[in-house]
Amino acid sequence: MVIDADRSLSLPSTRRSLGGVLPVIQTVFDSDGRIDAAGLDEELDWIAAQGADGFVTGMVSELLRLTESERHDLSEMVTSAAHRHDLISVISCGAESTVTAVAHAEHAAEHGADALMAAPPLTVALGDDGIFEYYSAIAMSTELPIVVQDASGYVGRALSIAVQVRLLDTFGDQIYFKPEASPIGLRLTQLRDATGGLARVFEGSGGAALIDSYRRGIVGTMPGSEVCWAIRRLWDAATGGDWTTAYAISGTLNALISLQTTIDSYVAVEKHLLARQGVIRSVRVRGPVGIRLDDETRAEVDRLYERLHAVASVG
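Since the model is a prediction, treat every value here as computed from it, not as a measurement.

### Comments concerning helix 3 (residues 98-110)
Compared with the 18 Å implied by 1.5 Å per residue over 13 residues, the 18 Å span of helix 3 between its first and last C-alpha is a close match. Looking only at helix 3, the buried set comprises Ala101, Val102, His104, Ala105, His107 and Ala108. Summarising the contacts, the buried residues of helix 3 are in contact with helix 2 (68-85), strand 3 (88-92), strand 4 (115-118) and helix 4 (128-141). Gly112 sits one or two positions beyond helix 3 and adopts a positive phi of about 90°.

Structure follows, in structure tokens:
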């Protein structure tokens, strides 16, 4: 693929800037195991009411367990809700084949998404050139901003700093980043310094690394939706320099997130807490599922939720 090095200079200046609190939504399923459109709308309305800046579809949205047509349906539902609330929509288009990823990207663009997010393929170990070609194909298929998701905190292997710099050099302000590989703080600083501070980065650890990442220059966070009210308060405290409140929220939030170590555990905890708050009526997930909450874990999640609610509500 031949890339025009000056392409980023010709992109429209009307592109919507991304930033702030953009929760990754949970997909709601009905008793027949299909996407519950009405239930999803209720969740999205609730997220908007918590002060979120937009909606994101991602791995904890169970995308890898949806059919291709269901992914398109979900994208349309999320972008429609974003338009209704005048919020940002970021639609994940990552796939195991470049053709499929491009198809998802084009579909999202056609239905009014504000931006895309893409993780690399999981079933093949690509070198830097392969990673660059994959993201380049997505970037060339649409002028939407693309969040390059290094999801290796859960799956795959870490993206090199070099290939991320190359993507930014080539596609300019079309590119954002969501680093999830450990150590998150160190790699974020390496990316920031390697790009001369131009890399626009989202925190992607559910809010666990938000304070440290904020100090290193992030533009926003993409947490789960279940306690987005606490993340909203934490983000506002950090951006406003209220570190007493920020650290108080962060301590309890980190204890909660420490119970979520895999995609399945993130989904299980998030759906449990959404149901507890009356946001969704069902905690059904798509199988096969590697982990479910046992009674003791559920009880600890509930205790930490109560503490988080108390500390985030102060003031």
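### Focus: the confidence of the model for the protein chain
Averaged over every residue, the pLDDT of the protein chain is 93; residues scoring 70 or more account for 93%. The low-confidence segment residues 1-14 (pLDDT under 50) makes 25 contacts with residues lying over four places distant or belonging to another chain.

### Examining the side chain of Lys178
Tracing the sequence through the fold places Lys178 in strand 6 (residues 175-179). Note on Lys178: relative accessible area 5%, which makes it buried. Engagement of the side chain of Lys178 in a polar contact is seen with the side chain of Glu180, the distance being 3.2 Å. When neighbours within four sequence positions are excluded, Lys178 is seen to be in contact with Val24, Met117, Val147, Val148, Gln149, Asp150, Phe202, Gly204 and Met222.

### A look at the sheet that holds strand 5 (residues 146-150)
Read from one edge to the other, the open sheet built from five strands follows the order 2-3-4-5-6, with strand pairing classed as parallel. In this open sheet, the two edge strands, each paired with only one partner strand, are strand 2 (54-56) and strand 6. Across the sheet, the mean angle separating the axes of adjacent strands is 20° when strand polarity is ignored. Across five bridges, the pairing between strand 5 and strand 6 is parallel. Across the sheet, Ile146 pairs through a bridge with Ile175, a residue of strand 6. Packed on one face of the sheet, helix 2 meets strand 2 and strand 3 and runs near 170° to strand 3.

### Considering the sheet that holds strand 1 (residues 20-21)
Read from one edge of the open sheet, three strands run 1-8-7, paired in parallel fashion. Since the sheet does not close on itself, it has two edges, and those belong to strand 1 and strand 7 (202-203), each with one partner. Pairing of strand 1 with strand 8 (residues 220-221) involves two bridges; the strand directions are parallel. The partner of Val21 across the bridge, within strand 8, is Thr221.

So, how was this worked out
Residues numbered from 1 in each chain as written. Predicted model: local features only at pLDDT ≥ 70, side-chain atom pairs only at ≥ 80, totals over all residues. Heavy atoms only, no water. Helix = DSSP H or I, 4+ residues; strand = E, 2+ residues; numbered from the N terminus. Expected span 1.5 Å × (residues − 1). Buried < 20%, exposed > 50% of the residue type's maximum accessible area, 1.4 Å probe, protein only. Contact = heavy atoms within 4.5 Å. pLDDT = per-residue confidence, 0-100. Polar contact = N/O pair within 3.5 Å; in protein donor to acceptor, adjacent residues only side chain to side chain. Pairing = 2+ DSSP bridges. Axes fitted to C-alpha atoms, helices over the stretch in contact; angles between N-to-C directions.

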